[in-house]
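Summary of the model geometry
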Amino acid sequence: MPPSRFAVPAEVPGLAARRIAADILDGVLHKHRTLDDQLDGAGAHPGLKTLADRDRALMRRLVATILRRLGTLGHLLSRLLDRGIPTDAPRAQSALLIGAAQILWMDVPDHAAVDLSVRLVQSDRRAAKYAGLVNAVLRRCAREGQPLIDEVKSQNLDIPPWLLARWIGAYGESTARQMALAIGYEPSLDITVKSDAAQWASRLHGETLPTGTVRTLLQGSVTMLPGFTEGQWWVQDAAAALPARLFGDVGGKTIVDLCAAPGGKTAQLAQAGARVTAVDRSPARMARLRDNLARLSLQADDVVTDGAEWPGGGNGGFDGVLVDAPCTSTGTIRRHPDVAWLRQEADIAALTALQKRLLQRAVSLLKPGGTLVYCTCSLEPEEGEQAIASLLAAESGLRRAPVEAGEVAGLSEIVTANGDLRTLPCHLPHTDPRLGGFDGFYAARLVKS
Ligand SMILES: C[S@@+](CC[C@H](N)C(=O)[O-])C[C@H]1O[C@@H](n2cnc3c(N)ncnc32)[C@H](O)[C@@H]1O
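Residues numbered from 1 in each chain as written. Predicted model: local features only at pLDDT ≥ 70, side-chain atom pairs only at ≥ 80, totals over all residues.

So, the overall build of the protein chain
Put simply, the rule is: Helix numbers and strand numbers start at the N terminus; a helix is a DSSP run of H or I with at least 4 residues, a strand a run of E with at least 2. The globule rule used here is 2.2 Å times the number of residues to the 0.38 power, and the radius of gyration it is set against is calculated over C-alpha atoms. A residue is called partly exposed when the number of other C-beta atoms within 10 Å of its own lies between 12 and 20, exposed at 12 or fewer, and buried at 20 or more, with C-beta atoms placed from the backbone.
If you tally the helices and strands in the protein chain, you get 15 helices and 12 strands. For 449 residues, the compact-globule estimate of 2.2 N^0.38 gives 22 Å, and the protein chain sits close to it at 23 Å. Principal-axis analysis of the C-alpha atoms places the extent of the protein chain at approximately 70 × 50 × 40 Å. Looking at the protein chain residue by residue over its 449 residues, the buried ones come to 45%.

So, the packing of helix α5 (residues 90-105) against helix α6 (residues 110-122)
Selection criterion: Think of each axis as a best-fit line through the C-alpha atoms, taken over the contacting stretch in the case of a helix, with angles from 0 to 180 degrees between the N-to-C directions. Should an angle fall under 35 degrees it is called roughly parallel, over 145 degrees roughly antiparallel, and 65 to 115 degrees roughly perpendicular, with every other angle called oblique. What counts as a contact here is a pair of residues whose C-beta atoms, placed from the backbone, lie within 7 Å. Side-chain classes are defined by residue name, with Ala, Val, Leu, Ile, Met, Phe, Trp, Tyr, Cys and Pro counting as nonpolar, Asp, Glu, Lys and Arg as charged, and the others, Gly among them, as polar.
Packing of α5 against α6 leaves a shortest axis separation of 9 Å and a crossing angle of 170°. Here α5 is positioned roughly antiparallel relative to α6, judged by the angle of their axes. Contacts between α5 and α6 pair Arg91, Ala92, Ala95, Leu96, Ile98, Gly99, Gln102 and Ile103 from the former with Asp110, Ala113, Val114, Ser117, Leu120 and Val121 from the latter. Residues of the contact of α5 with α6, tallied by class, amount to 9 nonpolar, 3 polar and 2 charged.

Focus on α5
Keep this limit in mind: By this rule the span expected of a helix is its residue count minus one, scaled by 1.5 Å.
Between the first and last C-alpha of α5 there are 22 Å, a value that for 16 residues agrees with the 22 Å anticipated at 1.5 Å per step. A large share of α5 lies buried, amounting to 14 of its 16 residues.

So, the nonpolar core
Basically, it comes down to this: For the purposes of this analysis, a nonpolar core is taken to be any set of buried Ala, Val, Leu, Ile, Met, Phe, Trp, Tyr and Cys residues that are connected through C-beta atoms within 7 Å.
Grouped together as the largest cluster of nonpolar side chains are 84 residues, with contacts concentrated most on Val321, Val323, Tyr374, Phe441 and Ala443. Setting aside its immediate chain neighbours within four residues, Tyr374 contacts Val323, Ala325, Leu359, Ile388, Ala443 and Ala444. In terms of nonpolar packing, the next biggest core, distinct from the first, is built from 40 residues, Leu76, Ile98, Ala113 and Ala127 among them.

Thoughts on the environment of Thr65
Tracing the sequence through the fold places Thr65 in helix α3 (residues 53-68). With 21 C-beta atoms packed within 10 Å, Thr65 lands in the buried category. When the C-alpha atoms of Thr65 and Ala89 are compared, they prove to be 22 Å apart, with 24 residues separating the residues in sequence. Beyond its immediate sequence surroundings of up to four residues, Thr65 is in contact with Ala101, Trp105 and Met106.

Some details on the pairing of strand β12 (residues 441-448)
Rule in force here: By definition, two strands form a pair when at least two bridges between them are found by DSSP.
By the criterion of burial, β12 is predominantly enclosed, with 7 of the 8 residues buried. Two elements, strand β9 (residues 366-376) and β12, share 6 bridges in a ladder whose sense is antiparallel. Bridge assignment links Val373 to a residue of β12, and that residue is Arg445. Across 3 bridges, the pairing between strand β10 (residues 398-400) and β12 is antiparallel. Its bridge partner being in β12, Arg399 is matched across the sheet by Val447.

Regarding the UniProt feature "binding site: S-adenosyl-L-methionine" (unreviewed entry) in the protein chain
Selection rule: UniProt positions are given in the numbering used here, feature names are shortened, and annotations may be inferred rather than shown by experiment.
Mapped onto the present numbering, the UniProt feature "binding site: S-adenosyl-L-methionine" (unreviewed entry) falls at Cys259, Ala260, Ala261, Pro262, Gly263, Gly264, Lys265, Asp280, Asp306 and Asp324. Structurally, the position occupied by Ala261 is in the loop between β5 (254-257) and α11 (264-271). Given 24 C-beta atoms within a 10 Å radius, Ala261 is considered buried. Excluding residues within four positions of it along the chain, Ala261 makes contact with Asp280, Ser282, Arg285, Met286, Arg288 and Leu289. Note that Gly263 resides in the loop between β5 and α11. For Gly263, a count of 28 C-beta atoms within 10 Å translates into the label buried. Ignoring sequence-local partners within four residues, the contact set of Gly263 consists of Ala278, Leu289, Asn292 and Leu293.

Some points on the sheet that holds strand β2 (residues 206-208)
Through backbone hydrogen bonds, the strands of a sheet pair up, either in parallel or in antiparallel fashion. Spatial ordering of the open sheet is given by β2-β3-β1-β4, a layout of 4 strands whose pairing is antiparallel. In this open sheet, the two strands that pair with only one neighbour each are β2 and β4 (233-235). Sheet twist, expressed as the average angle between the axes of neighbouring strands with direction ignored, equals 30°. Pairing geometry for strand β1 (residues 189-193) and β4, over 3 bridges, is antiparallel. Bridge pairing in β4 places Val193 opposite Trp233.

With respect to the domain arrangement of the protein chain
The condition that has to hold: Bear in mind that the domain bounds are from an automatic or database domain assignment.
By the assigned domains, the protein chain splits into domain 1 (15-155) and domain 2 (236-448). Each of domain 1 and domain 2 has a C-alpha centre, and these two points are 36 Å apart. With 10 residues of domain 1 in contact, the opposing surface of domain 2 contributes 6 residues. Only α1 (15-31) and α3 provide two or more residues apiece to the side of domain 1 that touches domain 2. It is α3 that provides the largest number of residues to the side of domain 1 that touches domain 2, a total of 3 residues.

Things to note about the packing of α1 against α5
For the record, the criterion: Here a crossing is called left-handed whenever its near helix is offset anticlockwise from the far helix by less than a right angle, and right-handed whenever the offset is clockwise.
In contact at an axis separation of 9 Å, α1 and α5 are set at 115° when each is read in the N-to-C sense. Judged by the angle between their axes, α1 and α5 are roughly perpendicular. Two packed elements cross with a definite hand, and for α1 against α5 that hand is right-handed. For the pair formed by α1 and α5, the contact residues are Arg18, Ala21, Ala22, Leu25, Asp26 and His30 on the first element and Pro90, Arg91, Ser94, Ala95, Leu97 and Ile98 on the second.

Structure below.
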């Protein structure tokens, strides 16, 4: 049997983390695989298991930084390379990106960043011939990189042009550029607590947002943090925590969560006393929902099926239905920077068709007087405002129940003129920008007559 390449003895410290980062980066950029898919579950990179916690955290941060700064890095390398990035050796490209990102944005000494990238190319058959080039370009990057990226700071190169153009169309030039700027910062860790937010904010070295979410800059594995194993809280962006609250008092009510996994909103509803039926099409994601609920000691019925086809429980309708629909996820780019480069404009049409089917089914599952909450983590109006406008135009038995600012901690800037929620990455500004911002979410509340 050939020796595993992850079992090579006495490797230079830190090289394995860079090699795995290069593999994962290649996965996103050349094989169109998501980061989630490569970091967790059955498709996870096999080398991850061999890394110490610290190296694994560094590797994740490195890949996320590169994807968050990919447009700027591409511009920089094109300025430093006379003949462009070598196209016949993907490892040369990833070694350049890895080296430059560490030099410019991470706390890694320049000489170590250059040396590790040179070793990366030397250990790849096709890229080895570029070792001298990688060495020279990264040394230049250490000397000249910062002024070169400062020159293009205002151009928002890290959001793909098609997407930035859409945001300018939807939100105006100034807001769209503020959104792009906010997405450039590393995201905080946001946590929904079962109770006593102030105590958990103190224990997790964070702060409590006006909406009740605990926000911290702690890094590393969340499973090691106090309260995780005890099931006292779960990870959930502050904006993602808002839609489930639009049902108001759910104690004893029957609520279907039609796209439920991995269960953040199911957990909120169950914690608030609802009798929840969690539906999701993905068996793997539903397994995560079950694990999460078990850790949190919360109960929900679960059904693995296509929510757009699910006939319901046959009990004459539910008090509430939540549709947290699959979407382009462009509101989550700060947390999932691969989304910016994997999504294409054509995806929007396919997803809006699915969102429409799920909404139609949700309406039929409601009893008269029941409440429908629809939300997406997308910044694209087709998946938010326009989806609800079309539904209201088609269903005369539905009316909007406008959200009041008082229901969302008085944050009137996140309530639209129609009474829907629209959070943006540039909302919730903070003196430390790493502690500011929301995921981009849309939510509407409708009532069946
Ligand atoms: C935005 S995520 C839901 C997140 C979840 N509500 C939470 O708060 O943790 C969308 C989910 O929809 C599921 N999904 C996609 N198409 C579906 C369908 N036709 N029926 C039911 N679930 C679907 C996906 O598997 C995914 O888990």
